[in-house]
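Reading the structure
Residues per chain are reported as follows:
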Amino acid sequence: MGSCKMIKLKDLLKEDYAVNVQDTRKNKKIQSAKFTLKADANLYIKDMMKKHKLKRQKGFWGNPKTGVEMLTNF
């Protein structure tokens, strides 16, 4: 028989919440971060909104004057 590996429940429930801030005019990544807790990711989103002066666009956060966009995977 093959070897059997034990998988812990906490490993199954672990999710990564990714937040990416990029400049679409220059095709350049400004910042990105990954979090295991959604609350931490939401705090980071609020900080980036203030820092880059982002407004809600269609499906993402962005600043049309500077070309900065913020995308998330959740």
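The sections below set out a description of the structure shown in this document. Every value quoted in this text rests on a predicted model; they were computed, and no experiment measured them.

Thresholds, definitions, all that
- Residues numbered from 1 in each chain as written.
- Predicted model: local features only at pLDDT ≥ 70, side-chain atom pairs only at ≥ 80, totals over all residues.
- Heavy atoms only, no water.
- Pairing = 2+ DSSP bridges.
- Helix = DSSP H or I, 4+ residues; strand = E, 2+ residues; numbered from the N terminus.
- Contact = heavy atoms within 4.5 Å.
- Axes fitted to C-alpha atoms, helices over the stretch in contact; angles between N-to-C directions.

**Concerning the sheet that holds strand E2 (residues 28-35)**
Working definition: the strands of a sheet are paired by backbone hydrogen bonds and lie parallel or antiparallel to each other. The 5 strands lie next to each other as E2-E1-E5-E4-E3, forming an open sheet whose pairing is antiparallel. In the strand order of this sheet, the two ends are held by E2 and strand E3 (55-56), each with one partner. Pairing of E3 with strand E4 (residues 61-63), which is carried by 2 bridges, proceeds in the antiparallel orientation. When the bridges of E4 are listed, Arg56 appears paired with Trp61. Across the sheet, helix H2 (residues 38-52) is in contact with strand E1 (17-23), E2, E4 and strand E5 (68-72); its angle to E2 comes to roughly 155°.

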